[in-house]
Structures are given as structure tokens and as C-alpha cells.
Amino acid sequence: MERRWLSVGLGVLLYFGTACASSLSCDVASFEAILNSLNSTATVVYAARIADGGNSFDPSPEYPINATNLPALCAVKLNVKSSDETSFSYPDMGEYTHYGFAAVSTDTGHLSDIQDSSWALNNPESIVDWSCHALHGSVDLAKQIVSSYYSEHDTTPVLIKNSYYTGCATGGRQGLRAVQLYPDDFDGVLIGDAAWETTHLQSWSTWIPLQNYPPGSPHYISPALFGSLTTHITKICDAQDGVTDTIIQDPAGCRIDYATLLCLSSSANHDACVTDSQLVTLKKMFSPYTINDTIAFQGLPNGADPSLLASEANAIGYGYFQDFVYNDTSYNFTSYTDDDFSYTVQVNPGRATANDFDISAFERRGGRVLMYHGYADPLIPAGSSIDYLNNTLEAMKLDHTQLSSFLRLFLIPGMNHCVSSAPAQPDTPWHIAAASQIAGIAGRLNGVRNVTHSVPGYMDPKHDSVLALMQWVEEGAPPEELIATKFMNETAPVIESQRTLCPWPKVARYEQGDRNKAENWFCD
């Protein structure tokens, strides 16, 4: 018997389909016996059957919802002691069991809200777990448990045919880190909006609100004005991409005359205009953060709303310096300087930055990397994923054709952070059945409703990125294009529009006919 399995970089719980025969029962004693046979120090928190159509029952703080309408499965939660300072705990997951996977997910050794990094304070072991160790350890143990659980006659190990990974943001970074450090863990990885350049991203996230500080100063831009400016910039760029539809198809190709945004300009939109000093602030949002003429991190693309990070101090940035870098909770973002950037790059807590770009070992064994990034992501600029590709090209001394044989990036115009349409681009087709696109993110961004998995009505490799990755790995057919879907009111099954996505550096261009149909867009 051959089994596939998949790891998702959020939470951790083992889910085993019960439709396939197993010599073991779904109970604590059976999994304790497996762990004992593996000489594992892990402990079983629970083992419980979930009936066909049932729900999960163990939500985590960051993802306070349960998976619904699951196939019949066995849910097993474990604790794995990795050091004297931390342990891994494995909360819920379920979407990928519908594909027939045995699935695992990890919380990387802590439970916290997305803006709470206090678990890392004076806790280097936990930082290493979060960086890479927890995922690898979970993968290694899970493969052994899956093999034992489905073993025939208690002695013959079951061959795991393929291993896949999917994750977005930090989950994307962890997937890239796994490919770099542990090339045997996965056969294919689906990586979204990757926060791969940790030291640089967290520095930028601390630097960017400082450029708009303090509130009330001449150069300060309020959240409401940022929103109006984003809408106005979207209209300018939308008019340049061949079809007016509220979506910026090619943010990098948009050219803006910033002088027209000045309130004194004769062509100014007075609901979305700025003073000279505010214009300096605005330009900083959409320009790279540079130090001594060297790019430290990419700026936001046209169409991304700066207000989420730039309107006030955000714990995503300064919390990193408090809890990861300096172990000093008194650190304040207003004290940030370029020296802080240099120091964190030198320290690189937990070796989290995924900058070991030569993934030859992964490529040699047939590994495939399918990346995607929301082009309107306001938290992680899409340019950082382009930087990752360019760094990989340079490190492996390849041309783009050679790189695309095992690594491809799809930019999704108008998509927010991992899921949903950006507020100023509400008509964006964005659903490709990737990580968190059904469950949403931490109650802050909503996914697609009334969907258990995939793309209802279009469960095929063109519309479903998981199936596209599987086809690439198992059949050698790379995705030449993907099709993103927008459901009416973000609720399946009624489709509002679909659009072709192209592997970078190609851009989808409108040809003719109904612009809401993917067949009328081609990759250029």
C-alpha cells in the first residue's frame, strides 16, 4: 500500500483517513504502541475518530475555527519534547484530508496570536523550533507514524509515495527553509507570500511606521487618507493595463506622476491628495528601504495599502527586536536605526532567514517549488518573492528556463495577504485552493465560504494549486498557467469571475471577449 501525506505549516495534528484499512484502532493505546516502537518520547494527548461529515474540535488561539464537513478520519494530537525549554503541540487541520492525504500540521512549539512574540523572549530554543526544527521534527516523526499506522500485518512498513507541503507567510518561509536544510522532507512545496527574508522584513516592518511618525506632524498620512490614495493609485494603474476593471494587472509596469497627487496640482483629486511633505512619506511607502544605496528590502507595489503597517507602531516589527534580537521589552520602534538592521542581519535569530538559495540537493531528487504571492499584499511586498527567485538564479548559476524546470512563481494581481481581494481591488479573482484560502487568517482575513477543499466545479490542476503541484511532481507536467477564481460574495459555488495567472516574469493580458472569463486572458 502506498500513501501520500502532506504537511501544512500552521498548527499540528495528525489526521488519518479511515477509508483505507489499518491494522490499528484509532485510540490512545494504539498510538502509544507506535511511539514506543519508534523509541519516541512523544506523548499522545488524544486519539479520536471523526465521522464522515463531522467537524474538528480543537481550535488554536490563532485559528479559532474548526474544520467542517470532514471525511471520516482519525485525529491524533501529540506533544513532542524537544528541549528543556519548549515542546510542540499539535492543533487542528483538515482541509487536505479531502484529497486523500494523511496530514500533519505544527504549531512550531508555541501557541500565540500573530502579533504576540513574547514566547521568544530569552528563549533561543523556541526560536530555533519556530525557525526550522519543529517542522522537520514533526515531519520525521509523522512519516514514521503514518507508515506504522497503515502497515500491513503489523510488520510491513507502508511506503509513503509522496510528501507535500503548503504554507503562507511565515508558513511559506518555513517551507523554503525545509527545502534548503532538509531536502528529503518533501517532494513538492506550495509556498505563498513567503516571509523568507526574516531579518530584512522585520526591520522594514519597524522602519516603515517610523517614516509616518508622529501623528499630527506635517508629513503624517492618516489611515483614511492612505485608503483614499490607494484607491486613486489603483485607478491610475488600472487605466494603464489594457482593461478598466478595478484590478491592477501589472503593478510593476504602472507609471505614476506623483506631482499630480499634490493638492496644489490642477489635476489633483482633493479627496486623495497630499502636501509636499506628505508626498515624501508616500514615496517611501512604495520605494525600497535602502541603506547606503543598497536595497535592504523592497517597498510596497502600487495598489497595496500602506495603512496597515505605516499608521502606527506594529508589534510585527518592533516585537521582533524586543523578543528575538535584544531580549528587551523596553525596546521602542522610535529608537530604530539602520544599525538595528545591521545587527539583526548579523545575529539572524534561529537562522530563520531562508537565504541558503542553492537547493541543488532538492532539485536533484526531483523536488518542485510552486510559489505564489498576492500582488497587493500590504504586509510582505511581492517584490521579495521576485528577489528570492533572482537570488536563487544567481546562487545556482542558472538561467530562467533552467530555474523554471523546478521553481516557478505566480503573482496574483489584486490579492491581499495570502487570501482575499485587496480593499481597493474588490473584484479580484484570487482563490487557487492554497494555504488558508478557505479557513482565512486568524479572524482577520476571510477565506472562501461553503467550500471544504479545492475549487468547486473546477477540481483540476489549472484551478487548484495543490493539484498543479502534484501533477508537476508525479507526472512531470509543470504549470504553464493557473486560473484564479472569485466566488460571488466569496461564497461557493456561484462564480463571479476567473482569470489566468502567469509564471513570472510573464503577465496576463486581456485579449477580447468577456473579461470575467479566463480564456480571454493570455500570458505575455
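A short tour of the structure in this document, coming up. (Residues numbered from 1 in each chain as written. Predicted model: local features only at pLDDT ≥ 70, side-chain atom pairs only at ≥ 80, totals over all residues. Heavy atoms only, no water.)

The next subject is the state of the cysteines. Under the defined criterion, the tally for this structure stands at 5 disulfides. A sulfur-sulfur separation of 2.1 Å characterises the disulfide bridge that pairs Cys237 with Cys254. With the S-S bond torsion at -80 degrees, the cross-link from Cys237 to Cys254 turns out left-handed. Placement of Cys237 in helix H5 (residues 223–238) and of Cys254 in the loop between H5 and helix H6 (276–285) is noted, with a sequence separation of 17 residues between them. As far as the burial class goes, Cys237 and Cys254 line up, both buried. (Disulfide = S-S within 2.5 Å. Helix = DSSP H or I, 4+ residues; strand = E, 2+ residues; numbered from the N terminus. Buried < 20%, exposed > 50% of the residue type's maximum accessible area, 1.4 Å probe, protein only.)

Running from N to C, helix H1 (residues 28–37) and helix H2 (residues 124–149) point in directions that differ by 120 degrees, and their axes come no closer than 10 Å. By the criterion of interaxial angle, the relationship of H1 to H2 is oblique. Considering how the two elements wind past one another, H1 and H2 form a crossing that is right-handed. Across the interface between the two elements, Phe31, Ile34 and Leu35 of H1 pack against Leu141, Ile145, Ser148 and Tyr149 of H2. (Axes fitted to C-alpha atoms, helices over the stretch in contact; angles between N-to-C directions. Parallel < 35°, antiparallel > 145°, perpendicular 65-115°, else oblique. Left-handed = near helix turned anticlockwise from the far one by under 90°. Contact = heavy atoms within 4.5 Å.)

A few words on the packing of H2 against helix H3 (residues 170–181). Relative to each other, H2 and H3 sit at 65 degrees, their axes nearing to 9 Å. For the pair H2 and H3, the sense of crossing is right-handed. The residues of H3 that touch H2, namely those facing Trp130, Ser131, Cys132 and Leu135, are Thr170, Arg173, Gln174, Arg177, Ala178 and Leu181. Within the contact of H2 with H3, the residues separate by chemical class into 5 nonpolar, 3 polar and 2 charged. (Nonpolar A, V, L, I, M, F, W, Y, C, P; charged D, E, K, R; others polar.)

A few words now on H3. Between its terminal C-alpha atoms H3 stretches 16 Å, which fits the 16 Å expected from 12 residues at 1.5 Å a residue. Within H3, 10 of the 12 residues are buried, leaving the element largely enclosed by the surrounding structure. (Expected span 1.5 Å × (residues − 1).)

Moving on to the packing of aromatic side chains. Enumeration according to the criterion identifies 24 aromatic pairs in this entry. With a centroid separation of 4.4 Å and 15 degrees between ring planes, the pair formed by Trp207 and Tyr289 is classed as stacked. On the criterion of sequence distance, the pair formed by Trp207 in helix H4 (residues 198–210) and Tyr289 in strand S9 (residues 289–291) is long-range, its members being 82 residues apart. By relative accessible area, Trp207 is classed as buried at 12%. Note on Phe321 and Tyr336: the rings are 5.7 Å apart at their centroids and 65 degrees apart in plane angle, and the pair reads as edge-to-face. Here Phe321 is found in helix H8 (residues 315–325), whereas its partner Tyr336 is found in the loop between H8 and helix H9 (338–347), with 15 residues between them in sequence. The ring of Trp130 is capped by Arg173, whose NZ or CZ atom sits 4.4 Å from the centre of that ring. The residue whose ring lies beneath Arg408 is Trp472, and the NZ or CZ to ring-centre distance is 5.8 Å. (Phe/Tyr/Trp six-rings, centres within 6.5 Å; stacked < 30°, edge-to-face > 60°. Lys NZ or Arg CZ within 6 Å of the ring centre and 35° of its normal.)

Let us look at the nonpolar core. Residues Trp204, Leu282, Tyr289, Phe324, Tyr336 and Tyr372 are the most contacted members of the largest nonpolar core, which totals 83 residues. For this core, the element with the most residues is helix H13 (residues 465–475), which contributes 6 residues. Formed by 29 residues, the second largest nonpolar core is a distinct cluster that contains Leu135, Val139, Ala194 and Leu411. (Core = buried A, V, L, I, M, F, W, Y, C linked by side-chain atoms within 4.5 Å.)

Structurally, the position occupied by Tyr46 is in strand S3 (residues 43–50). By relative accessible area, which is 16% here, Tyr46 ends up buried. In this structure, the C-alpha to C-alpha distance between Tyr46 and Glu480, residues 434 residues apart in sequence, is 43 Å.

What follows covers H13. Among the residues making up H13, those that are buried are Ser465, Val466, Ala468, Leu469, Met470, Trp472 and Val473. Residue Asp464 occupies the N-cap position of H13, its side-chain oxygen lying 2.8 Å from the main-chain nitrogen of Val466. Just beyond H13, the residue with positive phi is Gly476, at close to 75 degrees. (Polar contact = N/O pair within 3.5 Å; in protein donor to acceptor, adjacent residues only side chain to side chain.)

Inspection of the secondary structure puts Asn327 in the loop between H8 and H9. On the accessibility criterion, Asn327 (33% relative accessible area) is partly exposed. Residues in contact with Asn327, not counting those within four places in the same chain, are Ala120, Leu121, Asn122, Phe321 and Gln322. Polar contacts involving the side chain of Asn327 include one to the main-chain amide nitrogen of Asn122, which spans 2.7 Å.

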